[in-house]
Amino acid sequence: MPGFRTQFQGYSVRFSPFEETKLAVATSQNFGIIGNGRQYVLQMGPSGIQEVRVFDSVDGLYDCAWSEENENILVSASGDGSIKVWDLAAPPEANPLRSFEEHTHEVYSLHWNQVRRDCFLSGSWDDTVKLWNLAHPTSLRTFAEHTYCVYAAQWNPQQADVFLSASGDCTVKVWDLRQPRPTLSLAAHAYEVLAADWCKYNDCVIATGSVDKSIKVWDVRMPEQPIATLLGHTYAVRRVLFSPHHETLVASCSYDMTVRLWDYAAPEDALVRVWDQHSEFAVGLDWSTLVEGLLASCGWDEMTYAWHMDADPRTA
Amino acid sequence: MHRAQQRQAVLLGHLSSAAASAAEQHTIAAQPTAAGDSAAYERRAVAEDDVVIVSSCRTALCKAKRGGFKDTPVDDLIAAVLKETIRRTGVEPEAVGDVCFGSVMGPSSQRANECRIAMFLAGFPESVPVHTVNRQCSSGLQAIAQTAASIRAGYYTIGIAGGVESMTTNPMAWEGAVNPRVAESQCAQDCLLPMGLTSENVASQYGVSRETQDAFAARSHRLAAAAQAAGKFKAEIVPVATVLKDPKTGEEKRVVIDADDGIRADATPASLGQLKPVFKKGGTTTAGNSSQVTDGAAATMLMTRREAVRRGLPILGIFRSFAAVGVPPAVMGIGPAVAIPAAVEMAGLSLDDIDVYEINEAFASQATYSVDKLGLDIDKVNPNGGAIALGHPLGCTGARQTATLLYEMQRRGKGARFGVVSMCIGSGMGAAAVFERGGEVDNPPRGPVASQLAGLSRDAQVA
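Remember, it's a predicted structure, so these values are computed and weren't measured experimentally.

1. So, the UniProt feature "repeat: WD" (unreviewed entry) in chain A
Residue and element names in this part refer to chain A.
Then step 1. Those residues carrying the UniProt feature "repeat: WD" (unreviewed entry) are residues 69-88, 100-142, 143-185, 186-221 and 230-272 in this numbering.
Then step 2. Between the end C-alpha atoms of residues 69-88 there is a gap of 14 Å, over a span that is 0% helix and 60% strand.
Then step 3. Across residues 186-221, the secondary structure splits into 0% helix and 50% strand, with the terminal C-alpha atoms separated by 11 Å.

And the structure:
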């Protein structure tokens, strides 16, 4: 379907876990360097993508996440270090519902626990990851081991207490809430690691994306060697996401403006598709969990697209 | 390091050439941006010595002899707009360098004296001088142009320019004999033609049909009625407390006149089509598609932009250019078609740049001709009606049109940047002036300081 143009540059797109056609897009003014932010809630329809709600914020928004327990709750990660909680069912005056202000630098990543459903993680440029619960006014835990910006924090889809964090200190750390220290510190790349994700069908496999333009697939039980290295992007890899429906399918987006689909089961021939719908950095990507093969991407060209992986993003 | 710079640094790290393979040796580094202000058209040539208008107001326009001002002395009309100008701007009267009023039919010296009297009635001290100016129907605009020129020339900093006409007191007339030598020149003779006959000349020479004229006239009434109903004239009209004398009993009634009384909301091309031609048998010009004879006054205050900023006065408009041209007296109505391009060119613009026109509707014939000759978009012309509905108090009209134009441009905001006031002039002339909407200048940067904007392009919008 035709793309949706947001007013500010897109940073993150997330499908709603409750409604197949609902999307959230976190955007920032002036490419997120300086200015305001705006959280969009969009609806896919027969004639394209329509805007349902917008929430304005003082600083740029870098990521967003839907609540797994309430279809109306949405959280946004802001450049001023705050996490905004939005309630779609509440009137504009009541929004944001909450503003968690603990991080001292940009919050770059948010991920909601899909097993326990009541808590979420935030990854920040203040080098920490924090654990939150909406019922609690302050963070539950702070994980401070990284020595540079944390770009991504992702829960393991099957293990309720396990998550990973990807950082500009070139490592990916695997954490367990039951342990005080990371269970694994993986020197995944020689350059900053901007993205990492868990395989949805094998709870020991992760993929990492880096400034070195490569995507590496690892088994955390064998951290010395990647299972596969996926080469093809011509600039830093911004997001990597395992498909919720196919064990070996990985989608990625990059500063080279492309969104790519890989199948690491055949690592020599891993690149399946290249999509070039964006005319600026492609920085937001998501798989739908409700509709098999449905992808969404957003970028600095202010465009948000939703398409089936077998189709063309601009016309699907 | 400020946040913005930090974020740029992080992003730059992602694009670092250190991660580039040997094959691709692009050097990506932060550069001070060469991107300029992409909104070049929006950037205004803002000069401290621009002549700006900080106030523009008028009395209601009332039918001569029968309307709201039929018993109002001329000096009361002038005093009303002068007083309102001072009230709106808060400028102390003694700071005004000169006052200039356009006036046509009043006896020259007497009218100039009436203006002086009016100034005293309005509370001006004796130190402020006054004069009148007469270029027939353009006198009100001429007064504004002259005042702007005087400010530009440095004669004074603050001036009031306006216009007045009481056609109840001074109807159009020729006093005394006509020099027989006018027979020597066709043009000289044509100067004596009644205005209505020049309208017939324009209609026949340029093929403006009766139907077209009536349709234009109905449009004027319709738009004026709509504007009046929507309260659009409230900003420019100053209510005048006066009396109305019953002609039979002599009884005086105190009234406040604050609405134009010439507008016929029910006028249609059909109803106007019933009227008989009044100037020429078998002609097309009727009372319905001609301007009305009217009483009214208007005034604007002009000053340098420097002075307006110093006083903290909001700027309604900026005076940009003026042109007066000559045309054959027999078809004096074509004046705007010649004057408008001249004034627009002098402002360094083209007709496409003009967003709103106030073209005086002396007659529907000449107004229609002017619009068609210049290929103007009719929706830009007299959007709030014109002299056919509102009236044409000769000396006041130019200043009245200026008030209506400036407030219409204010209402449109960014939708209107330049406007034109123009009219034809009896005895064969035309005049036009270009105004720019005021109120927006290159705003000084608010919020983030220069260091925070380092590296961003000039049109980066920052909260």
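Now that the structure has been shown, we can carry on.
2. Describing a nonpolar patch on the surface
Then step 1. A grouping of B:Trp174, B:Val178 and B:Leu192 is seen on the molecular surface, where their side chains present a nonpolar patch of about 300 Å² in accessible area.
Then step 2. Counting through the fold element by element, B:Leu192 comes out in the loop between helix H5 (186-190) and helix H6 (195-205).

3. Considerations on the sheet that holds strand S11 (residues 119-124) of chain A
Residues and elements named next belong to chain A.
Then step 1. The antiparallel open sheet is built from 4 strands, whose spatial order is S10-S11-S12-S13. Strands at the two margins of the open sheet, each flanked by one partner only, are strand S10 (107-112) and strand S13 (141-143). Averaged over all pairs of adjacent strands, the angle between their axes in this sheet comes to 20°, without regard to strand direction.
Then step 2. As paired elements, S11 and strand S12 (residues 129-133) share 5 bridges and run antiparallel to each other. Bridge pairing links Cys119 to Asn133 in S12.

4. Considering the environment of B:Gly102
Residue and element names in this part refer to chain B.
Then step 1. By secondary structure assignment, the location of Gly102 is in strand S3 (residues 98-102).
Then step 2. A residue is classified by how much of its surface remains accessible, and Gly102, at 0% relative accessible area, is buried.
Then step 3. Here the alpha-carbon distance between Gly102 and Gln142, two residues 40 residues apart in the chain, equals 7.1 Å.
Then step 4. When neighbours within four sequence positions are excluded, Gly102 is seen to be in contact with Val133, Ser139, Gly140, Ala143, Gly162, Gly163, Val164 and Gly395.

5. Digging into the side chain of A:Asn133
Residues and elements named next belong to chain A.
Then step 1. Position of Asn133 among the secondary structure elements: in strand S12.
Then step 2. Under the relative-accessibility criterion, Asn133 is labelled buried at 16%.
Then step 3. One polar contact links the side chain of Asn133 to the main-chain carbonyl oxygen of Asp118, over a distance of 3.4 Å.
Then step 4. Here the side chain of Asn133 touches Ala135 through a polar contact of 2.8 Å, landing on its backbone nitrogen.
Then step 5. Look past the residues within four positions of Asn133 in its chain and what remains in contact with it is Phe100, Asp118 and Leu140.

6. As for the pattern of salt bridges
All names here are of chain B.
Then step 1. This structure, assessed with the given rule, holds 37 salt bridges over all chains.
Then step 2. With a closest N to O distance of 2.9 Å, Arg87 and Glu84 form a salt bridge. One end of the pair, Arg87, and the other, Glu84, are both in helix H2 (residues 74-89), 3 residues apart, so they sit about a helical turn from each other.
Then step 3. Classification of Arg87 by relative accessible area gives exposed; the value is 61%.
Then step 4. In this structure, Glu436 engages Arg417 in a salt bridge whose closest nitrogen and oxygen atoms are separated by 3.2 Å. Of the two residues, Glu436 is situated in strand S12 (residues 429-437) and Arg417 in the loop between helix H13 (397-412) and strand S11 (418-425); the sequence distance between them amounts to 19 residues. Judged on exposure class, the residue Glu436 and its partner Arg417 are both buried.
Then step 5. The structure contains a network of salt bridges with shared partners spanning Asp50, Arg152, Arg305, Arg320, Arg417 and Glu436.

7. Quick notes on the sheet that holds strand S20 (residues 215-219) of chain A
Residue and element names in this part refer to chain A.
Then step 1. One open sheet holds the 4 strands; their spatial order is S18-S19-S20-S21, and the pairing between them is antiparallel. In this open sheet, the two strands that pair with only one neighbour each are strand S18 (193-198) and strand S21 (228-230). Recorded for the sheet is a direction-independent mean angle of 20° between the axes of neighbouring strands.
Then step 2. Strand direction decides the pairing type here: S20 and S21, joined by 3 bridges, are antiparallel. In the strand pairing of S21, Lys216 is matched with Thr229.

8. Observations concerning the packing of aromatic side chains
Then step 1. Taken as a whole and assessed by the stated rule, the structure comprises 25 aromatic pairs over all chains.
Then step 2. For the pair A:Tyr108 and A:Trp125, a centre-to-centre distance of 5.0 Å together with 35° between the ring planes defines the contact as tilted. Of the two residues, A:Tyr108 is situated in strand S10 and A:Trp125 in the loop between S11 and S12; the sequence distance between them amounts to 17 residues.
Then step 3. Judged by its relative accessible area of 4%, A:Tyr108 is buried.
Then step 4. According to the relative accessible area criterion, A:Trp125 is buried, its value standing at 9%.
Then step 5. A centroid spacing of 4.5 Å and a plane angle of 80° characterise the contact between A:Tyr255 and A:Phe281, whose relative ring orientation is edge-to-face. With A:Tyr255 in the loop between strand S23 (249-254) and strand S24 (259-263) and A:Phe281 in the loop between strand S25 (271-275) and strand S26 (282-287), this residue pair connects regions lying 26 residues apart in the sequence. Each member of the pair A:Tyr255 and A:Phe281 is classed as buried.
Then step 6. Ring pairing ties together the aromatic residues A:Tyr11, A:Phe31, A:Tyr62, A:Tyr108, A:Trp125, A:Tyr151, A:Tyr255, A:Phe281 and A:Trp300, which thus form one cluster.
Then step 7. Between the NZ or CZ atom of A:Arg38 and the centre of the ring of A:Phe8, over which it lies, the distance is 4.8 Å.
Then step 8. Cation over ring: B:Arg58 sits above B:Phe233, and NZ or CZ is 5.2 Å from the ring centre.

9. Quick notes on the pairing of S24(A)
Residue and element names in this part refer to chain A.
Then step 1. Of all 5 residues making up S24, 4 are buried, and the element is well covered by its neighbours.
Then step 2. Pairing geometry for S23 and S24, over 5 bridges, is antiparallel. Within S24, the residue paired with Ala251 across the bridge is Leu261.
Then step 3. The hairpin formed by S23 and S24 contains 4 residues between the paired strands, and Met257 there has a positive phi angle of roughly 75°.

10. Observations regarding the packing of helix H7 (residues 210-229) of chain B against helix H11 (residues 364-374) of chain B
Each packed pair of helices is defined by two parameters, the angle between the axes and the distance between the axes.
Residue and element names in this part refer to chain B.
Then step 1. Where H7 meets H11, the closest approach of the two axes is 9 Å, and the angle between their N-to-C directions is 90°. On the basis of the axis angle, H7 is roughly perpendicular to H11. Packed against H7, whose contacting residues are Thr212, Gln213 and Phe216, the element H11 presents Ala364, Ser365, Ala367 and Thr368 at the interface.
Then step 2. For the contact of H7 with H11, the residue count by class is 3 nonpolar, 4 polar and no charged.

11. Comments concerning helix H1 (residues 3-14) of chain B
Then step 1. A rise of 1.5 Å per residue sets the reference length of H1(B), with its 12 residues, at 16 Å; its end C-alpha atoms lie 17 Å apart and thus fit the reference within 8%.
Then step 2. The set of residues buried in H1(B) consists of B:Ala4, B:Arg7, B:Val10, B:Leu11 and B:His14. When H1(B) is viewed along its axis, its buried side chains cluster within an angular range of 125° and face the same direction.
Then step 3. Considering only its buried residues, H1(B) is in contact with strand S6 (61-66), strand S14 (150-155) and S18 of chain A.

Cut-offs applied
Residues numbered from 1 in each chain as written. Chains lettered and ligands numbered in written order. Predicted model: local features only at pLDDT ≥ 70, side-chain atom pairs only at ≥ 80, totals over all residues. Heavy atoms only, no water. UniProt positions renumbered as here; feature names shortened; annotations may be inferred. Helix = DSSP H or I, 4+ residues; strand = E, 2+ residues; numbered from the N terminus. Patch = residues over 30% accessible without salt bridge, like charges linked within 9 Å, V, L, I, M, F, W, Y side chains within 5 Å. Areas by Shrake-Rupley, 256 points an atom, 1.4 Å probe, with all protein chains shown as cover. Salt bridge = Lys/Arg side-chain N within 4 Å of Asp/Glu carboxyl O. Pairing = 2+ DSSP bridges. Axes fitted to C-alpha atoms, helices over the stretch in contact; angles between N-to-C directions. Buried < 20%, exposed > 50% of the residue type's maximum accessible area, 1.4 Å probe, protein only. Contact = heavy atoms within 4.5 Å. Polar contact = N/O pair within 3.5 Å; in protein donor to acceptor, adjacent residues only side chain to side chain. Phe/Tyr/Trp six-rings, centres within 6.5 Å; stacked < 30°, edge-to-face > 60°. Lys NZ or Arg CZ within 6 Å of the ring centre and 35° of its normal. Parallel < 35°, antiparallel > 145°, perpendicular 65-115°, else oblique. Nonpolar A, V, L, I, M, F, W, Y, C, P; charged D, E, K, R; others polar. Expected span 1.5 Å × (residues − 1). Arc of directions from axis to C-beta.

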